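One letter stands for each residue in the lines below.
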Amino acid sequence: MSFWTYCAPLRLTLSMLNFCAVYFVTLLGRCAILSLPVLGIVLLLRKTVLRNSTFAKGVIWAALAPVLLLGKLAVYYESRLFLPLLYWQSWCCGYWWVCYGYLAGVAVSLALLIRRRARLHRMLRELPAEMIDGQKVYLCTLTVSPFTAGVLSPKIVLPTLAREKLSEDELRTVLLHERTHIRLGHLWCFLLWDILCALLWVDPFLRLATPRLKEDMEQICDAVTIRRGGGDALAYGGVILKSMALLRDTATYLPVTFAGESDFSDAKRRMKRVRDYRPYSRLHIRALAASTVCFLLLAVLTAHQLSLPRYTELPGFCIVHVSEDVQFSTIYESETDEPPITLCGGRAEVDCAAFRALLPEDAPRDGYYYIMWGGFMKLPGIGGALNSIWVDAGVEGSTASVEFQDINDQFYVKLAKWI
């Protein structure tokens, strides 16, 4: 007997892993394709209708979050409009390098993300700490903009140059800006954005849009910081300009910074926004936040309602003939009838009279027949299994008894249904 005969668990495991790869890459690829028009709408709105709305322009980015839930919409299989998405599915199923190439891209993107954040946290552990304005601050000798890092335990990093050159009031403004980033959850926003870009890495426009997302988050943070600091936009802008002058040689990109604009045009736009600051209504902001949450919940519920279920039970049964030269042909198929089988313990009893009645008069009398029933389908064309037993084509007598194990009792099938 061959090696694989003794390694049935290994074969099942490899088959399960291959199914998971094809299934998830199919879904992620569809999400990546759909992210293009959604991102286009977001960028268009922030440049037109929402151009002068600081907070609405920032929260519109939340529209990209539900994209990850759009991989299983039933409409893909019902309209020719979504035919390219079915092509993607066929490529994932038919070409292993498409499927595993996509997974390799996701793995590399996540590995780089983890590596970058791990290096940053290792650096933070080596920095000396100092209490400034009641806030624990980590001092860095590098010429970098003040920034905040860490999601679960945020740490504010301040360059020693800024510590020495800025006054106590100016330092208080810088720290208030960084604490506002933490309070508004921007650290979480950037982490989730990085994960989204990694999962949908085949859409390069997501990465290219990152500076625009950062710009909108900074605009929100500037507005909130000015209000929390007393509403003096002129003084706040002066602190930004002074910080930029101190750090004008820096080119380091960090996720959440106080004065980290990479070029003059970015800095100019930011200063114009600070100059044009107008007090905002907290009630308006709360209403906007509540509307965003309602939108996300509605989007999730709508996507769930319009998506295919986790799996679909396959009704009825079919009879497939297998000839001696291993040629398969469907002899009988029904989506409503029950198979002529009685299950008893670990065996299946076939009613031979009822079985022969289902066969056409010219049905082959050589080889054997498979009776298949009680299966499921994950997605049309992806994943699924059927219970099956085989019956000799020349079976005689009233009943035939064969060993049987229900696939729905197997661990791998339960796992495939669950994911």
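To start, this report covers the structure provided alongside it. These numbers come from a predicted model, not from an experiment.

1. Quick look at the packing of aromatic side chains
Any pair of aromatic rings gets described here by the distance separating the centres and the angle formed by the planes. Scanning the model with the defined rule gives 15 aromatic pairs in all. A centroid spacing of 5.7 Å and a plane angle of 50° characterise the contact between Tyr102 and Trp201, whose relative ring orientation is tilted. Within this pair, whereas Tyr102 is found in helix α4 (residues 96-125), its partner Trp201 is found in the loop between α7 (186-199) and α8 (204-208), the two being separated by 99 residues in sequence. What makes Tyr102 buried here is its relative accessible area of 2%. Aromatic rings pair up to connect Phe19, Tyr23 and Phe24 into one cluster.

2. Some details on the pairing of strand β8 (residues 347-351)
Residues Ala348 and Val350 of β8 are buried on one face, while the alternating residues Arg347, Glu349 and Asp351, pointing to the opposite face, are not. Inspection of the sheet shows strand β7 (residues 341-344) paired to β8 by four bridges, in the antiparallel sense. By the bridge assignment, Leu343 is partnered in β8 with Ala348. Counting the residues in the hairpin turn of β7 and β8 gives two residues, including Gly345, whose phi is positive at 65°. Sheet analysis places β8 next to strand β11 (residues 399-403), joined by five bridges and oriented antiparallel. Of the residues in β11, the one forming a bridge with Ala348 is Val402.

3. A word on the layout of surface pockets
Volume-wise, the largest pocket comes out at about 1,000 Å³. For the lining of the largest pocket, the secondary structure elements donating two or more residues are α2 (54-59), α7, α9 (210-228) and α12 (282-306). Its residues assigned to classes, the lining of the largest pocket shows 23 nonpolar, three polar and five charged. Taken as a whole, the second largest pocket spans an internal volume of roughly 760 Å³. Along its surface, the second largest pocket is lined by 25 residues, and Arg51, Asn52, Lys57, Gln219 and Arg273 are the ones closest to its centre. Elements supplying a minimum of two residues to the lining of the second largest pocket: α1 (8-47), α2, α9 and α11 (264-275). Among the residues making up the lining of the second largest pocket, the classes are represented as six nonpolar, five polar and 14 charged.

4. Points about helix α10 (residues 233-246)
Helical geometry note: an α-helix holds 3.6 residues per turn, so side chains three or four residues apart project in the same direction. Here α10 contains 14 residues, and its C-alpha end-to-end distance of 20 Å stays within 8% of the 20 Å for a straight helix at 1.5 Å per residue. All buried positions along α10 are accounted for by Ala233, Tyr236, Gly237, Val239, Ile240, Ser243 and Met244. In an axial view of α10, the angular spread of the buried residues amounts to 155°, which keeps them on one side of the axis. The N-cap of α10, judged by a side-chain oxygen 3.3 Å from the amide nitrogen of Leu234 a few residues on, is Asp232.

5. A short note on the sheet that holds strand β4 (residues 155-159)
The four strands lie next to each other as β1-β2-β4-β3, forming an open sheet whose pairing is mixed. Of all the strands in the sheet, the pair left with one neighbour each is β1 (129-132) and β3 (147-149). With direction set aside, neighbouring strand axes in the sheet form an average angle of 40°. Note: β3 against β4, three bridges, orientation antiparallel. Counterpart to Ala149 in the pairing with β4 is Lys155. α4 rests against β2 (135-140), β3 and β4 of the sheet, and its axis sits at about 110° to β3. Packed onto the sheet, helix α6 (residues 168-183) meets β1, β2, β3 and β4 and runs at close to 145° relative to β4.

Cut-offs used in this document
Residues numbered from 1 in each chain as written. Predicted model: local features only at pLDDT ≥ 70, side-chain atom pairs only at ≥ 80, totals over all residues. Heavy atoms only, no water. Phe/Tyr/Trp six-rings, centres within 6.5 Å; stacked < 30°, edge-to-face > 60°. Helix = DSSP H or I, 4+ residues; strand = E, 2+ residues; numbered from the N terminus. Buried < 20%, exposed > 50% of the residue type's maximum accessible area, 1.4 Å probe, protein only. Pairing = 2+ DSSP bridges. 1 Å grid on protein atoms, 1.4 Å probe; cavity = no way out; pocket = protein on both sides within 12 Å on 5 of 7 lines; lining within 4 Å. Points joined across faces, edges and corners; volume = space filled by probe spheres on them. Nonpolar A, V, L, I, M, F, W, Y, C, P; charged D, E, K, R; others polar. Expected span 1.5 Å × (residues − 1). Arc of directions from axis to C-beta. Polar contact = N/O pair within 3.5 Å; in protein donor to acceptor, adjacent residues only side chain to side chain. Axes fitted to C-alpha atoms, helices over the stretch in contact; angles between N-to-C directions. Contact = heavy atoms within 4.5 Å.

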